Structure formats: C-alpha cells, structure tokens
Amino acid sequence: MKVLMVNGSPHKEGCTYTALKEVAGALEKYGIESEIFWVGNGEIAGCIGCGACRKIGGKCVFKDDIVNEVIEKAKTADGFIFGSPVYYAHPSGRLLSFMDRIFYAGGANFAFKPAAAIVSARRAGTTASLDAITKHFTINQMPVVSSNYWPMVHGAQNSPDDVKQDLEGLQIMRVLANNMAWLLKCI
C-alpha cells in the first residue's frame, strides 16, 4: 500500500514537511509506503474550466508544470494526504490551484480512495484551511480520514524546529496516520 502526500508549501522542508514526515514515520510502522511530493515554489496556473481534460484522457491541457505528474501518480496510490501552510486563514494559493486542476482533470484517479488534510500555522486560520482542502475530497467521493483533533501543527513561519516542539500537534499527526492505516487495511 502507498500513501501519496503532497507538500503544498513553497518551503520544501519547512513546517508542513515536518508534519508530513511525522505521518510518514507512523505509516511506515504499518508497512505502508509513503511519498512526499513537493508542489514547489514555481508558478501553477489555476484551472480555467475549459474541459479539454475530458477530451484528452484525464490530463490537464496545461503541460508546463507538475499537475499531470501527480495525476499519473494518483493511479497507483491507495490514499492521499495534502498539507499546506496557512496564509491569511487559507491554504496556500499554489496548493489550491494545484488541487483544482488535479481533481478536475484526474478526479477518477482519486475517487473512493481515503484522503486527509493537514495544515501548519503560527496561530490561527487552520480550520478554515482544513475546510477548503477537504472540500476537494468530498466532491470526489473520497472517504475523509480524521484524527483525534483537528490535524494541524503550530510553529513560526518556516520554522520546523517550532513544529518539532508542538508535541500535541505531532501526536495528532501520528493518530491521523494510524487512522489512515486502519482505513486502508479495512478497504
């Protein structure tokens, strides 16, 4: 089994990555492979709703970024975790543009597979961010994996050491991984 985790932060190994690594470590204990895919810090165009993806076999017509690469990876993934920093009480714009396009063009590769959202923030805006990410799952008929509290970690912007000190947040990440493993094994 494999869980594809998407790091929607412009910082490759920042706070969001640190939280995803905690999940990856817990999944490994269940024999579940994981991959952290970094969206990057380059431009990602938003979906324009042109519908061309339906004519070219579930790929996005824009080919100058990483969207089609993840659509392809989604075919063999059993579950997904999308992570983002919180900016102005919202996930990163880059992640939302990315998600709009992968789910619009490649939604069939995600349907009926479990998914979870995690966010990292200095302080607030986390629940609104989780909501924005999770809506992509429910519209694509994906079971949403929960934890024992909202799946978030706290730390100053781009300060992974702060996240490592958020013991409760890290425990929530491990519980999320336990729940993902349980659901994958049930399916």
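None of the values given here were measured: they were computed from a predicted structure. (Residues numbered from 1 in each chain as written. Predicted model: local features only at pLDDT ≥ 70, side-chain atom pairs only at ≥ 80, totals over all residues. Heavy atoms only, no water.)

## Digging into helix 1 (residues 15–28)
For the record, the criterion: Comment: elements are numbered from the N terminus, with helices defined as DSSP H or I runs of at least four residues and strands as E runs of at least two. Helices are assigned an expected span. That span is 1.5 Å times one less than the residue count. Categorising residues by exposure relies on relative accessible area from a 1.4 Å probe, with only protein chains included: less than 20% of the type maximum marks a residue as buried, more than 50% marks it as exposed, and the intermediate range marks it as partly exposed.
Given a rise of 1.5 Å per residue, 14 residues ought to cover 20 Å, and the 20 Å separating the end C-alpha atoms of helix 1 matches this to within 8%. Those residues of helix 1 that sit buried are Cys15, Thr16, Thr18, Ala19, Leu20, Val23, Ala24, Ala26 and Leu27.

## A look at the pattern of salt bridges
The criterion, for reference: Any Lys or Arg side-chain nitrogen found within 4 Å of a carboxyl oxygen on Asp or Glu counts as a salt bridge.
One pass over the full model with this rule turns up seven salt bridges. Note that Glu72 and Lys59 form a salt bridge whose closest N and O atoms lie 3.7 Å from each other. Pair noted here: Glu72 is in helix 3 (residues 67–74) and Lys59 is in the loop between helix 2 (52–55) and helix 3, with a separation of 13 residues, a long-range link. The exposure class of Glu72 is partly exposed, given its relative accessible area of 36%. Connected through shared salt-bridge partners, Lys2, Glu35 and Lys73 make up one network.

## Details of the nonpolar core
Condition: Here, the term nonpolar core denotes a set of buried Ala, Val, Leu, Ile, Met, Phe, Trp, Tyr and Cys residues that are joined through side-chain atoms within 4.5 Å. Any pair of residues with heavy atoms lying within 4.5 Å of one another is described as a contacting pair.
Ranked by size, the top nonpolar core spans 31 residues in total, and within it Phe80, Phe82, Phe98, Ile102 and Phe137 carry the most contacts. If you list the elements that add at least two residues to this core, you get strand 1 (2–7), helix 3, strand 3 (79–87), helix 4 (93–106), strand 5 (115–121) and helix 5 (126–139). Those residues in contact with Ile102 that lie beyond four places of it in its chain are Val67, Val70, Ile71, Phe82, Gly107 and Phe110. Ala24, Ile118, Leu176 and Ala177 belong to the second-largest nonpolar core, a separate cluster that totals 25 residues.

## Topic: the layout of surface pockets
With a probe scaled to a water molecule rolled over the atoms, the places where space remains empty come into view. Convention followed: Definitions used for this entry: grid spacing 1 Å over protein atoms alone; cavity, a set of points where a 1.4 Å probe fits but cannot get out; pocket, an open set with protein on both sides within 12 Å along at least 5 of 7 lines; lining residue, one with an atom within 4 Å of a point. Grid points are joined across faces, edges and corners, and a volume is the space filled by probe spheres set on the points. Any residue that is not Ala, Val, Leu, Ile, Met, Phe, Trp, Tyr, Cys, Pro, Asp, Glu, Lys or Arg is counted as polar, Gly included; the first ten are nonpolar and the last four charged.
Estimated volume of the largest pocket: approximately 270 Å³. Listed by contribution, the elements that provide at least two residues to the lining of the largest pocket are helix 1, strand 3 and strand 5. Of the residues forming the lining of the largest pocket, the biggest block, three residues, is contributed by strand 3. Looking at side-chain class alone, the lining of the largest pocket contains nine nonpolar, eight polar and two charged residues.

Such coordinate-based values are descriptive only and should not be taken to indicate function.
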